[in-house]
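Analysis of the macromolecular model
Spelled out from the first residue to the last, the chains are:
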Amino acid sequence: MSATCEFQAKDYKSDLKPIWCPGCGDYSVVQGIYRALAAIGRPPHEVAFISGIGCSSRIPGYTTAYGFNTVHGRALPIAQGIKLANPDLLVLAAGGDGDGFSIGGGHIAHLIRRNIDITYIVMDNQIYGLTKGQLSPTSQKGRTTCTSPYGSLENPVNPLLYTLAYGAGFVAQASPTDLAGMAAIIEEAIRYPGFAFVNVQSPCVTYGEEAQQIKGLKAISASLKELGHDPADRLAAMDLAQHYGEKMHLGVFYRNPEPPPTYDALIRERQVQLSQGALPKERILDLFIKK
Amino acid sequence: MAARIDFASLTLKDALDLAVLIEDEAKERYEDFAAQMDQHRTPEAAKFFRLMAVNEAKHGQELAERRGQLFGDAPRTVTRAQIFDVEAPDFDEARAFMSPRQAMKAALASEVKAQAFFVAALPALKDAKVRALFEELRDEEVEHQALVKAELAKLPPDSGLSDDDFVDEPAAQ
Ligand SMILES: Cc1ncc(C[n+]2csc(CCOP(=O)(O)OP(=O)(O)O)c2C)c(N)n1
Ligand code: SF4
Ligand SMILES: [Mg+2]
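Notes on the structure follow. (Residues numbered from 1 in each chain as written. Chains lettered and ligands numbered in written order. Predicted model: local features only at pLDDT ≥ 70, side-chain atom pairs only at ≥ 80, totals over all residues. Heavy atoms only, no water.)

**Topic: the overall build of chain B**
Scanning chain B from N- to C-terminus turns up 4 helices and 0 strands. Ordered by position in the sequence, the α and β elements of chain B form the string α-α-α-α. With the C-alpha coordinates of chain B rotated into their principal frame, the extents come out at 70 × 30 × 30 Å. A burial count over chain B gives 45% of its 173 residues as buried. Restricting the contact set of chain B to residue pairs at least 6 apart, pairs at least 24 apart contribute 80%. (Helix = DSSP H or I, 4+ residues; strand = E, 2+ residues; numbered from the N terminus. Buried < 20%, exposed > 50% of the residue type's maximum accessible area, 1.4 Å probe, protein only. Contact = heavy atoms within 4.5 Å.)

**A word on the site of ligand 2**
With respect to spatial proximity, the complete set of residues near ligand 2 consists of A:Trp20, A:Cys21, A:Cys24, A:Cys55, A:Asn125, A:Gly129, A:Cys204, A:Val205, A:Thr206 and A:Tyr207. Of the residues contributing to the shell around ligand 2, the split by class is 7 nonpolar, 3 polar and no charged. (Near = heavy atom within 4 Å. Nonpolar A, V, L, I, M, F, W, Y, C, P; charged D, E, K, R; others polar.)

**Some words on the sheet that holds strand β3 (residues 90-96) of chain A**
Residues and elements named next belong to chain A. Pairing in this open sheet of 8 strands is mixed, and the strands run β2-β1-β3-β4-β6-β5-β8-β7 from one edge to the other. If you trace the sheet from one side to the other, it starts and ends with β2 (66-69) and β7 (221-223), each paired once. Strand after strand, the sheet turns through a mean of 20 degrees between neighbouring axes, direction not considered. (Pairing = 2+ DSSP bridges. Axes fitted to C-alpha atoms, helices over the stretch in contact; angles between N-to-C directions.)

**Details of the pairing of strand β4 (residues 118-124) of chain A**
On a regular strand, each side chain points to the face opposite its neighbour's, so the side chains alternate between the two faces of the sheet. All names here are of chain A. Most of β4 sits out of view: 7 of its 7 residues are buried. The alternating pattern of β4 places Ile118, Tyr120, Val122 and Asp124 on one face and Thr119, Ile121 and Met123 on the opposite face, and all of these are buried. Of the pairings in the sheet, the one linking β3 to β4 comprises 6 bridges and is parallel in character. Bridge pairing in β4 links Gly96 to Met123. Where β4 meets strand β6 (residues 196-201), 6 bridges bridge the pair, whose relative direction is parallel. Bridging from a neighbouring strand, Tyr120 pairs with Phe197 of β6.

**Focus on the site of ligand 1**
Residues and elements named next belong to chain A. Looking at ligand 1, there are 16 residues lining it, with Cys55, Ser56, Gly98, Asp99 and Leu130 nearest. A distance of 2.9 Å separates an oxygen atom of ligand 1 from a polar backbone atom of Gly129. Note that an oxygen atom of ligand 1 is positioned 2.9 Å from one of the backbone N or O atoms of Leu130. When ligand 1 sits alone it has 590 Å² of accessible area, and the protein chains cover 73% of it. (Polar contact = N/O pair within 3.5 Å; in protein donor to acceptor, adjacent residues only side chain to side chain. Areas by Shrake-Rupley, 256 points an atom, 1.4 Å probe, with all protein chains shown as cover.)

**What to know about the pattern of salt bridges**
Residue and element names in this part refer to chain B. All chains considered together, the criterion is met by 19 salt bridges over all chains. The shortest N-O distance in the salt bridge between Lys13 and Asp14 comes to 3.6 Å. Neither residue differs from the other here; Lys13 and Asp14 are each classed as buried. Between Asp38 and Arg50 there is a salt bridge, with the nearest N and O atoms lying 2.8 Å from each other. Of this pair, Asp38 sits in helix α1 (residues 12-39) while Arg50 sits in helix α2 (residues 43-71), and the two are 12 residues apart along the sequence. Asp38 gets classed as partly exposed once you look at its relative accessible area, which sits at 43%. Since its relative accessible area comes to 39%, Arg50 is described here as partly exposed. (Salt bridge = Lys/Arg side-chain N within 4 Å of Asp/Glu carboxyl O.)

**A look at the side chain of A:His249**
All names here are of chain A. Within the fold, His249 resides in strand β8 (residues 248-255). Judged by relative accessible area, which is 4%, His249 ranks as buried. Once residues within four sequence positions are removed from consideration, His249 is found in contact with Gln173, Ala222, Leu224, Leu227, Leu240 and His243.

**Here's the deal with the interface of chain A and chain B**
Of the residues lining the interface, 23 residues belong to chain A; the matching set on chain B comes to 20 residues. Taken together, the two surfaces of chain A and chain B that pack against each other cover about 1700 Å², and 53% of this comes from carbon and sulfur. Counting every contact that joins chain A to chain B gives 3 salt bridges. When the shortest N-O distance is used, the salt bridge between B:Glu93 and A:Lys215 registers 3.0 Å. Summed over the shared surface of chain A and chain B, the result is 6 residue pairs in polar contact (both at pLDDT 80 or more). Elements supplying a minimum of two residues to the side of chain A that touches chain B: α1 (26-40), α6 (179-191) and α7 (214-220) of chain A. At 4 residues, the largest contribution of residues to the side of chain A that touches chain B is made by α1(A). A per-class count over the side of chain A that touches chain B returns 11 nonpolar, 6 polar and 6 charged. (Buried area = accessible area lost by both parts, 1.4 Å probe.)

**Comments concerning a nonpolar patch on the surface**
Taken together, the side chains of A:Leu279, A:Ile284, A:Leu285, A:Leu287, A:Phe288 and A:Ile289 define a hydrophobic patch exposed on the protein surface, amounting to about 630 Å² of accessible area. Classification of A:Ile289 by relative accessible area gives partly exposed; the value is 48%. (Patch = residues over 30% accessible without salt bridge, like charges linked within 9 Å, V, L, I, M, F, W, Y side chains within 5 Å.)

**A word on α1(A)**
Residue and element names in this part refer to chain A. Between its terminal C-alpha atoms α1 stretches 21 Å, which fits the 21 Å expected from 15 residues at 1.5 Å a residue. With 13 of 15 residues buried, α1 lies mostly within the body of the structure. Note on α1: the residue one or two positions beyond its end, Gly41, has a positive phi of about 85 degrees. (Expected span 1.5 Å × (residues − 1).)

**A look at the packing of α1(B) against α2(B)**
Residue and element names in this part refer to chain B. Running from amino to carboxyl end, α1 crosses α2 at an angle of 160 degrees, the nearest separation of the two axes being 8 Å. Between α1 and α2, the angle falls in the class roughly antiparallel. Where α1 crosses over α2, the two elements pack in a sense that is left-handed. Among the residues forming the contact of α1 with α2, the class breakdown is 20 nonpolar, 2 polar and 10 charged. (Parallel < 35°, antiparallel > 145°, perpendicular 65-115°, else oblique. Left-handed = near helix turned anticlockwise from the far one by under 90°.)

Now the structure itself:
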């Protein structure tokens with residue numbers, strides 16, 4: 001790992017011009033990521049940024065980090081493989097609510113229980129943006145879309161409660177209503193030694209509902225810090241997380257005050273232990289040869 | 001808009017630095033919007049946003065020079081994290097194919113927002129020089145509003161059509 005040095009937000013901005021719709025919340029998220037990475041100060045080539053498929057999943061391409069725009073719903077398995085193969089990399093994963101909680105919904109639980117040091121940012125717009133406005137797992141009940149013309153009958157997934165319930169050590173929420181706050185939250189998530197989840201309310205201006213646009217979000221936003229919430233209190237975090245969809249609480253819901261060892265660290269430890277009693281490389285073949 | 005500033009203890013140096021950061025932020029947002037408009041083939045709005053970016057850069061430069069004359073290169077103690085969207089339009093103000101009128105209205109709303117910021121801060125300010133600066137900045141925002149309004153007045157009358165007028169109804173199958 002190289003020593004950290006001075007970087008500016010612009011050092012993480014690639015030459016690729018975003019093709020998101022003008023006004024899309026994802027523009028703010030990429031800005032938040034540039035600022036957070038600059039604050040951390042790891043050179044771009046030491047950052048691996050993995051995403052799935054969706055409008056939001058285009059995000060790695062707009063950074064100078066190594067990026068992999070993978071397959072729909074599969075950002076997390078690939079990010080885990082990358083982190084385990086090269087634990088020195090700073091690994092970020094990102095995608096949409098559909099990518100993370102529909103098709104990829106099964107992966108997050110396993111990443112959480114393994115506690116691999118990856119920061120996962122979901123750009124939650126309560127819709128499938130890329131495929132033109134179908135119902136997503138976080139869409140509100142009653143929502144009319146092209147796939148729910150009479151209104152959805154399903155309750156939404158609550159990404160905050162979901163990740164807290166599985167035992168994530170760091171769970172936070174941000175939004176473009178406060179870019180500086182978003183950058184600080186992403187920075188804190190990256191610095192957390194273990195799996196960290198940041199749900200960003202990132203409005204889709206094309207298929208999203210009026211109430212989910214920035215002005216609507218401002219009206220329901222509340223800072224967890226100003227509410228006096230203690231991020232070490234997991235039960236209080238779960239209580240607050242229940243208001244997902246009605247209130248937009250911004251800040252850190254939960255930060256494990258005593259982060260347990262990460263899977264990547266345990267693997268290294270095990271490698272060291274096992275290598276002590278292991279045969280020297282040149283005698284490995286002996287294991288397969290009957291004497 | 002979120003501001004994390006202790007107005008009561010704000011010094012003139014910090015106030016000038018914050019004013020520069022506010023202009024920088026607005027300049028960057030307008031540049032971003034102009035790039036989004038270029039990308040989505042909306043050249044007139046792009047041109048207007050670029051003009052706004054140039055204006056914000058000019059004001060920022062003037063304020064930075066004043067700061068330099070008064071305080072030289074004394075280190076800056078305020079940060080960008082203390083301000084947010086004071087004069088910059090909200091992220092979702094840009095739209096593909098927005099008309100120059102819509103672009104100007106977005107800019108006008110931001111100038112009004114900035115004026116409100118300086119007005120709201122005034123009662124908390126203790127330092128007379130900082131107060132004078134904030135009053136000056138407040139008045140400048142009013143001037144900027146007048147400039148944008150003058151540009152708006154030069155536009156041909158609105159067609160009165162809304163975005164919905166351009167949406168195709170579902171075709172009978
Ligand atoms: C296996 C597979 N199934 C379906 C799709 C089609 N598809 C692409 S993106 C997407 C959903 C995008 O929604 P979300 O993840 O919320 O991202 P957003 O576009 O809203 O940012 C779907 C269903 C696909 N690409 N691959
Ligand atoms: S469709 Fe929605 S999510 Fe996709 S780029 Fe446009 S505004 Fe953003
Ligand atoms: Mg989505």
